[in-house]
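Close look at the chain arrangement
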Amino acid sequence: MKNSFTLKEIADWQLNAAQSVVDLPLIQRGFVWRTKQIEDLWDSLLRGYPIGAFLLSKTGDKYHMMDGQQRSTAIFLGYSNPYNQNDNAKLWSIKGEVPVVWIDIRPADKPISSKYSIRLTTQSHPWGYQSVHNENKLTVSDRRKALELFRKDPSNAGLYTAFKNTSVFPYDSSFPIPLSFLLESKNTDEVVAAVEKNLPFFFSTKHGGFTTKDEYLNLLRTDLENDLKEIFETVKQLNKTTVNTVVIDDHVLHEEQQEEHPTLFVRINSAGTPLNGDDLIYSIYKSIFPEAKDLIDEIGFSFIAPTQVLSMASRIVASDLDSWKYVKRMNVKDFQRRIKDDDFKSNLHNLIANKTLKDLFARAIDILSGINNVHFDGGIPAITVKNLISKHEDLFLFLVYWLYIHKTESDDFMRLRMMGKLYTFAWFEFDNIPRLWNEYIEDKSFWSLPINDLIWWDGHSGIHMLIHPNLLRDYYSDPKVEDIFIHSDVDPWGLLPGHTGEKIDQYMTSIKQTDHSQEQVNEYFWKFIKRIQYNKHLILLAQRHYVNETFPEYNQIEDFEDTNVPWDWDHIYPTEWVYRKENCNRSIRLWNNTNGNLRAISLEENRSRGNYQAPGDLVEETERSRSFIKNADWENWRKIKERIFHDEAYDYFRAVTTRMINIYEEYWNSLKIGELLVEPDEL
């Protein structure tokens, strides 16, 4: 075995896997490095900085990568040419479109700690990150401009996230070239030829000053000729770079499986990057059942990360062995203890291998999506379904396990009740899932039971209070309530005593069949209002037809606050009229970033909207409808033709509160929430 490898030899472990003696063992987790880490590694390599040795284990005729997967995969990405199909490639842990490493040969900007401007384009961020702050995603304005370039190719019409990595490029840059072009070429003429052959005709960047690929090619042959030669010579010096290796005996892997504390698993998976318990458990399980990786990937339907699939499968089996009781999310020590039990081990493997779990997840996802339900108009956006699964695992698992133990088919009406309850539990913060599980998991009639008792369960658990939309409409149209928000300095969020507030108080008392102190009533009310003010999934539910029609291919597991979603969260009343502005009424500041003033709108449609466009200019009824601006909203929005100053906030307050209530009412009506409650006869 060699003591060191060149960078090309390291890249070939995946580029030419058939001839490689180095492979990735199943105990390893997936590729987890962020964009900045990849860009920084290549900057270090180009500067001649050393990187850590790889730790390998001899197993038969192969060497397994024990430590260094992230670095070796980042190196592979630099050598991977997306424009050349490589049938010999076998990627260790990247699925779908492979990220592309670029180098800017004359950057206008770069990270303060970097000598070279290395850029990465990915499926989630097809135009890269910011050039200076390379841990931050592009601004909305830059994403919009990049999309306009992308649209110049007619074959890209209608696409928002289903990008090919050969059709996108780092926008916040000057003169980028795929690093693989320089690594593969014998001279700069070949680099230019590769640019001419492969880059899209609409190629243009934020700082380059050229508008087409032809203009860029002319610059490469003239003004940029020396810059290209200098970068080319630097890149070619990488041929001399080697990385050392250390080899350990394979027997340590077998010993590790018997240890109480998984020291090796922790150390080989966590060097340089934090490791969570699910990652570690998944690594342990793959080492026991090598075939598990493909089975678990298939079960998740791209909705659920493989680590979470195994986490939920383990809890199902553990609950089965514990008389259907709730089992909390396992840590590594819990899993290692359980996997030594033959019943747990065999039942877990059977659940995964015989497709039982796959069928359960498919049924549960179908219920939550509502696509095939005759009683639900339109489908829940995929990102909202995924958010419930990833952020509220216990609730999703409750549904899956209920389906598992009752083995019964439900009609569409019952499936709608399941949707209504689960989204209500998720969006109104159900507390004490263990108690819910232990008291109701065996109840076949659970989905038919009213949820009154689960609202502030015993005064502290369960979900927050729910209030009928008509009562909210009466309350926020009360002149006294309007005046408190617009003119008063007192806290406006508690329930204002008086006629309309009294009706809400009576409603809450009827729902719970108990009396409450004024302090409790205020707490119930303001916590409820915060839920419907800031949960953007209520907006996506209200705009679901537009979202599903405009972004049908959008399919990300990441949370939408983090991911490069293909829409803007657009302020109907411009935020530029609010932020750092004097004489801005308090009510406008309080409601500016809430659901009533936000809509999802595609980058393409929003490109023509100015930052100061007044709500009253939304004269096109189709756009208003897509934005869930109903006629009742429009009566108030249409009056706002310019920035509102301190004493003129009534139209704004009525517009934003009415739209917030309409969005909430859409949730209430479409999921038939009123049928889940025992309400007073008269509202």
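Residues numbered from 1 in each chain as written. Predicted model: local features only at pLDDT ≥ 70, side-chain atom pairs only at ≥ 80, totals over all residues. Heavy atoms only, no water.

**Things to note about the packing of aromatic side chains**
For the structure shown, the criterion picks out 55 aromatic pairs. On the numbers, 5.5 Å between centres and 85 degrees between planes, the contact of Phe-201 with Phe-202 is edge-to-face. When its relative accessible area of 49% is taken as the criterion, Phe-201 is described as partly exposed. Seen in terms of ring centroids, Tyr-546 and Phe-551 are 6.0 Å apart; in terms of plane orientation they differ by 80 degrees. Their pairing is edge-to-face. Phe-551 shares its class with Tyr-546; the two are buried. Through a chain of ring-to-ring contacts, three or more aromatic side chains come together here, namely Tyr-326, Phe-398, Tyr-401, Trp-402, Tyr-404, Phe-425, Phe-430, Trp-437, Tyr-440, Phe-446, Trp-447 and Trp-457. The ring of Tyr-63 has Lys-58 sitting right over it, with the charged end atom 5.4 Å from the ring centre. Here the guanidinium or amino end of Lys-421 rests over the ring plane of Phe-446, the centre of that ring lying 4.2 Å away. (Phe/Tyr/Trp six-rings, centres within 6.5 Å; stacked < 30°, edge-to-face > 60°. Buried < 20%, exposed > 50% of the residue type's maximum accessible area, 1.4 Å probe, protein only. Lys NZ or Arg CZ within 6 Å of the ring centre and 35° of its normal.)

**Examining helix α23 (residues 499-512)**
In a regular helix each residue adds 1.5 Å, so 14 residues correspond to 20 Å; α23 covers 20 Å between its end C-alpha atoms and thus fits that length. Within α23, burial applies to Thr-500, Gly-501, Ile-504, Asp-505, Tyr-507, Met-508, Thr-509, Ile-511 and Lys-512. Of the surrounding secondary structure, the elements contacted by the buried residues of α23 are α21 (469-476), α24 (518-534) and α31 (650-670). Positive backbone phi, approximately 55 degrees, marks Gln-513, located one or two places after α23. (Helix = DSSP H or I, 4+ residues; strand = E, 2+ residues; numbered from the N terminus. Expected span 1.5 Å × (residues − 1). Contact = heavy atoms within 4.5 Å.)

**Some thoughts on empty space enclosed by the protein**
For the structure on display, the rule yields 6 cavities of 30 Å³ or more. What lines the second largest cavity is simply Glu-97, Val-98, Pro-99, Thr-121, Thr-122, Gln-123, Pro-126, Phe-163, Lys-164, Asn-165 and Val-168. Residue classes in the lining of the second largest cavity are distributed as 5 nonpolar, 4 polar and 2 charged. (1 Å grid on protein atoms, 1.4 Å probe; cavity = no way out; pocket = protein on both sides within 12 Å on 5 of 7 lines; lining within 4 Å. Points joined across faces, edges and corners; volume = space filled by probe spheres on them. Nonpolar A, V, L, I, M, F, W, Y, C, P; charged D, E, K, R; others polar.)

**Some points on the pattern of salt bridges**
The final tally for this structure, using the stated rule, is 27 salt bridges. Put simply, Glu-393 and Arg-329 hold a salt bridge, and the shortest N to O gap is 2.5 Å. Here Glu-393 is found in helix α18 (residues 393-406), whereas its partner Arg-329 is found in the loop between α13 (306-321) and α14 (332-339), with 64 residues between them in sequence. A residue is classified by how much of its surface remains accessible, and Glu-393, at 5% relative accessible area, is buried. For Arg-329, a relative accessible area of 41% corresponds to the partly exposed category. Among the charged side chains, a network of salt bridges with common partners joins Arg-315, Arg-329, Glu-393 and Asp-394. (Salt bridge = Lys/Arg side-chain N within 4 Å of Asp/Glu carboxyl O.)

**Here we look at the nonpolar core**
Across soluble globular proteins, you tend to see nonpolar side chains buried next to one another. Core analysis: the largest hydrophobic core is formed by 144 residues, its most contacted members being Phe-396, Tyr-476 and Tyr-667. Here this core gets 11 residues from one element, more than from any other, and that element is α18. Counting residues in each nonpolar core, the second largest holds 72 residues, with Trp-13, Ala-74, Leu-219 and Leu-603 among its members. (Core = buried A, V, L, I, M, F, W, Y, C linked by side-chain atoms within 4.5 Å.)

**Comments concerning the pairing of strand β8 (residues 242-248)**
In summary, the side chains of a regular strand alternate between the two faces of the sheet. Examined bridge by bridge, strand β1 (residues 4-6) and β8 share 3 bridges and lie antiparallel to one another. Within the sheet, the bridge partner assigned to Ser-4 lies in β8 and is Asn-244. Relative to β8, strand β3 (residues 54-59) runs parallel, the two sharing 4 bridges. Bridge pairing links Leu-56 to Val-247 in β8. (Pairing = 2+ DSSP bridges.)

**Quick notes on the side chain of Gln-14**
Here Gln-14 shows up in helix α1 (residues 7-15). Engagement of the side chain of Gln-14 in a polar contact is seen with the side chain of Thr-73, the distance being 3.3 Å. What Gln-14 contacts, discounting residues up to four positions off in sequence, is Ser-72, Thr-73, Phe-76, Asn-88, Ala-89, Lys-90, Leu-91 and Trp-92. (Polar contact = N/O pair within 3.5 Å; in protein donor to acceptor, adjacent residues only side chain to side chain.)

**What to know about the pairing of strand β9 (residues 567-571)**
Buried residues dominate β9, accounting for 5 of its 5 residues. Of the two faces of β9, the one holding Trp-567, Trp-569 and His-571 and the one holding Asp-568 and Asp-570 are both buried throughout. Relative to strand β10 (residues 598-602), β9 runs antiparallel, the two being bridged by 5 bridges. From the neighbouring strand, His-571 faces β10, where its bridge partner is Leu-598.

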